[in-house]
Amino acid sequence: MNLIFLDIDGVLVTHHSMSRMMKSNRLHRFQKSCVQELNRLTQKTGALIVVSSTWRLDSDWVGTLQHFRSEGVVGDVIGRTGRSEDRIRGHEIQDWLDEHAKELLIDSFVILDDDSDMDHLSKHLVQTSLDGGLRRYHTDSALQILNRRWAAKSLVVAGEGIEPSRPSRATGA
Ligand SMILES: [Mg+2]
């Protein structure tokens, strides 16, 4: 299984789409070209999406998921990262991986984000910017990362506090 840890502002929302949504008074518009690039990535790799953006903290999570569809995202969102004490995004992603690695058989993952606080997961990062969001050359880099088969072993080494006996049921928390 391939995964995309997805930031939104700076990846799907750009300066351009922000100015458009201010004019049209509609919130949270994604830039079409960025959505197309995300769709290209998920369609080529079958990757599933985990939201790592602060959008995940929105109280209306179901509404956020519906918004993905209404903005044209075709890939499936299977979850969202939690909040780590230090709020370093790389640690929040590692926590999610630690929790799900046993049940999901993850082959590879890529992080799409305009920030760079990924710590030891930096080699998985494709860094975008608010100027243009996700562009074709970013997607090409992401494809390369996802095609690099990623040994589950490295996750165990990288992840601190992994609990092999953790039950694999979804808690819904
Ligand atoms: Mg961002």
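### Observations concerning the pairing of strand 4 (residues 108-113)
Across the six residues that make up strand 4, a large majority, five, are buried. Relative to strand 4, strand 1 (residues 2-6) runs parallel, the two being bridged by five bridges. Counted as the bridge partner of Asn-2 is Ser-108 from strand 4. Where strand 4 lies against strand 5 (residues 125-127), three bridges are found, and the strand directions are parallel. Residue pairing in the sheet places Ile-111 in a bridge with Leu-125 of strand 5.

### Focus: the sheet that holds strand 1
With respect to topology, five strands assemble into an open sheet ordered 3-2-1-4-5, the strand pairing being parallel. What marks the edges here is a single partner per strand, and that holds for strand 3 (77-80) and strand 5. Strand after strand, the sheet turns through a mean of 25 degrees between neighbouring axes, direction not considered. Here strand 2 (residues 48-51) pairs with strand 3 via three bridges, running parallel. Bridge assignment links Val-51 to a residue of strand 3, and that residue is Arg-80. Set on the sheet, helix 5 (residues 136-147) makes contact with strand 1, strand 4 and strand 5; between it and strand 4 the angle comes to about 155 degrees.

### A word on the confidence of the model for the chain
The predicted model of the chain averages 85 in pLDDT, with 81% of residues at 70 or higher. Here helix 6 (residues 152-158) stands out as the element of the chain with the lowest mean pLDDT, 47, in contrast to strand 5, whose mean of 98 is the highest. Contacts from residues 156-173, a stretch scored under 50 in pLDDT, to residues over four places away or in other chains number ten contacts.

Conventions used here
- Residues numbered from 1 in each chain as written.
- Predicted model: local features only at pLDDT ≥ 70, side-chain atom pairs only at ≥ 80, totals over all residues.
- Buried ≥ 20, exposed ≤ 12 C-beta atoms within 10 Å, placed from the backbone.
- Helix = DSSP H or I, 4+ residues; strand = E, 2+ residues; numbered from the N terminus.
- Pairing = 2+ DSSP bridges.
- Axes fitted to C-alpha atoms, helices over the stretch in contact; angles between N-to-C directions.
- Contact = placed C-beta atoms within 7 Å.
- pLDDT = per-residue confidence, 0-100.

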